[in-house]
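# Structure at a glance
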Amino acid sequence: MGSSLVVLFVCLVFLLVSLPRVLAQQTFFDVTKYGGVGDGITENVKAFTDAWTVACQNNGGGVVLFPPGVYLLSPLVLNGKCKGPIGVQIEGTLLARVEKEYSVDIDHWITFKYVDNFVINGGGSLNGQGPSAWPYNDCKKNPHCKRLPGSLRLDYVTNARINHITSINSKNFHIGLFASHDITISSINISAPANSPNTDGIHLGLSQNIQILDAAIATGDDCISFSTGTNNVNISGVQCGPGHGISIGSLGKIVGDNVSFVDIRNCTFFGTQNGVRIKTWAPSEPGIVSHITFEQIQVDQVENPVIIDQQYCPSRTCDPEVYSRVQIEEVQFSNIWGTSITQNVVNLKCSKTTPCQKIGLNDINLTYSGREGPGQSTCSNAHVRISGRQNPPACTGKDKALG
Ligand SMILES: *[C@@H]1O[C@H](CO)[C@@H](O)[C@H](O)[C@H]1NC(C)=O
Ligand SMILES: *[C@@H]1O[C@H](CO)[C@@H](O)[C@H](O)[C@H]1NC(C)=O
Ligand SMILES: *[C@@H]1O[C@H](CO)[C@@H](O)[C@H](O)[C@H]1NC(C)=O
Ligand SMILES: *[C@@H]1O[C@H](CO)[C@@H](O)[C@H](O)[C@H]1NC(C)=O
Ligand SMILES: *[C@@H]1O[C@H](CO)[C@@H](O)[C@H](O)[C@H]1NC(C)=O
């Protein structure tokens, strides 16, 4: 009798100890059990949708699994809300369709919408098959162009992590966040050729509380770009290049185009068009860019290492007398070093009607070795506070700082 009591007690203890682990264990929904085939030829939209629906409706949550293999996948939208935490573990490759003649009316390849408590991981990759579609991107010439679909899109997604994923050759943006918050993107690798159009690495719009950590991003456009309504963003350990660098903006197209509380540190830029950039349209609507820190930034053979451009108008005719109405203030450029391939190594081109306020230049060491002479730091319409060592001397280029 006594011994069976002991056995009962031991069993009870075992149950109590293991129960939380059983509850925390993820339930996997393997797409190949839902008709998915990783042969690179079979369409997997239905398998993915079916596995997602079951995982999403599973009490306690679920993870859709793509085992190793190549899964051809047409564009799809996967919706929440789910009954528990939901994940997609990609161990294989998701392969977009080749677009011979681009005509399909879709915005993105893989969209997750209204999903909370979400993880995408697995060490696998997304292949957007960009080369098949890039020739049909005429957005440089045609302002009413139909945009090609970006690869991964999160719309109204909250509390999500994207990690250990590779994205190659997206047709448009690789990863786009819209109206999403509390998102961490880490240990990811994004790549597309230097001459591929609009293949931004990560685009943030109307999103808050975002962390981007440890990423290698090689693209034909911005490494990371920010559009309106994006704040509380921390970025660190990102290697950009080739591409256009990290860009806040272009802002000012609509009223109240604001971006604030952004911290970008410990990032490197190799052979990019820009290093760290803030750009606003001219003319523009009023807006605010504030509390931005760029710190511990290394550039190597970069065209414009540090740039604020408040007269951005690449595809329109820019009137040099018309200025942006976006207020840029409280921006810190700190501990920025390396080499530039143009003479204007620091170029703060602020608005005459809305000058930049409280811009900090601290410990800048940017070298240029061209025939025209050493690098220059130019500041126009900018109230600049200078501290630390400055090479070249801060704001001594042809336009003088306002002080
Ligand atoms: C990223 O992926 C590309 C394409 O698969 C590869 O060539 C490159 O070496 C990877 N970079 C890193 C840092 O893993
Ligand atoms: C960004 O970093 C700061 C300072 O470490 C921290 O207080 C803040 O919570 C971070 N924000 C996000 C969204 O991670
Ligand atoms: C800086 O980023 C690199 C990756 O580029 C990472 O290995 C390193 O740990 C980071 N250092 C700090 C101090 O965060
Ligand atoms: C942008 O900031 C201004 C000033 O703080 C504020 O009045 C405006 O509502 C903001 N716009 C948006 C869209 O948040
Ligand atoms: C600036 O960088 C150059 C080489 O990039 C280096 O030789 C020099 O010592 C640095 N100057 C300071 C003040 O750090």
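Our subject in this report is the structure included herewith.

The rules behind these values
Residues numbered from 1 in each chain as written. Chains lettered and ligands numbered in written order. Predicted model: local features only at pLDDT ≥ 70, side-chain atom pairs only at ≥ 80, totals over all residues. Heavy atoms only, no water. Phe/Tyr/Trp six-rings, centres within 6.5 Å; stacked < 30°, edge-to-face > 60°. Helix = DSSP H or I, 4+ residues; strand = E, 2+ residues; numbered from the N terminus. Buried < 20%, exposed > 50% of the residue type's maximum accessible area, 1.4 Å probe, protein only. Near = heavy atom within 4 Å. Polar contact = N/O pair within 3.5 Å; in protein donor to acceptor, adjacent residues only side chain to side chain. Areas by Shrake-Rupley, 256 points an atom, 1.4 Å probe, with all protein chains shown as cover. Contact = heavy atoms within 4.5 Å. Core = buried A, V, L, I, M, F, W, Y, C linked by side-chain atoms within 4.5 Å. Domains from an automatic or database assignment.

Time to look at the packing of aromatic side chains. Geometrically, a pair of aromatic rings is defined through the distance of the ring centres and the angle of the planes. As enumerated under the stated definition, the model contains nine aromatic pairs in all. Between Trp52 and Phe112, the aromatic rings sit 5.4 Å apart at their centres with planes inclined by 45°, giving tilted as the arrangement. Highlighted residues: Trp52 in helix α2 (residues 45-57) and Phe112 in strand β8 (residues 108-113), separated in sequence by 60 residues. Among the residues examined, Trp52 registers a relative accessible area of 3% and is labelled buried. Classification of Phe112 as buried rests on a relative accessible area of 2%. Consider the rings of Trp52 and Phe118, whose centres lie 5.9 Å apart with planes at 90°: the pair is edge-to-face.

Turning our eyes to something else, we now look at the site of ligand 3. Inspection of the region around ligand 3 gives Gly237, Gln239 and Asn266 as its neighbouring residues. Residue Asn266 places a side-chain N or O atom 2.4 Å away from an oxygen atom belonging to ligand 3. Contact with the protein chains covers 38% of the free accessible surface of ligand 3, which is 360 Å².

Right, let's get into the environment of Val45. Turning to its location among the elements, Val45 is positioned in helix α2. Given a relative accessible area of 22%, Val45 falls into the partly exposed group. Val45 has contacts with Leu73, Ser74, Pro75 and Leu76, leaving out every residue within four places of it along the chain.

On to the nonpolar core. Membership of the largest hydrophobic core comes to 88 residues, with the highest contact counts inside it found for Phe112, Phe118, Phe226, Phe294, Phe333 and Leu348. In terms of residue count, the dominant contributor to this core is strand β22 (residues 287-302) (six residues). Taken together, domain 1 (23-212) and domain 2 (222-403) each give at least three residues to this core, which thus spans both. Setting aside chain neighbours within four positions, we find Phe118 in contact with Trp52, Ile86, Gly87, Val88, Phe112, Leu154, Val157, Thr158, Asn159, Ala160 and Arg161.

Moving on, we get to the environment of Ser151. By secondary structure assignment, the location of Ser151 is in strand β11 (residues 150-155). Residue class for Ser151 comes out buried when judged on its relative accessible area of 1%. For the pair Ser151 and His174, spaced 23 residues apart in sequence, the C-alpha to C-alpha distance is 5.0 Å. Residues contacting Ser151, with those up to four places away along its chain left out, are Trp109, Ile110, Gly128, Ser167, Ser170, Phe173 and His174.

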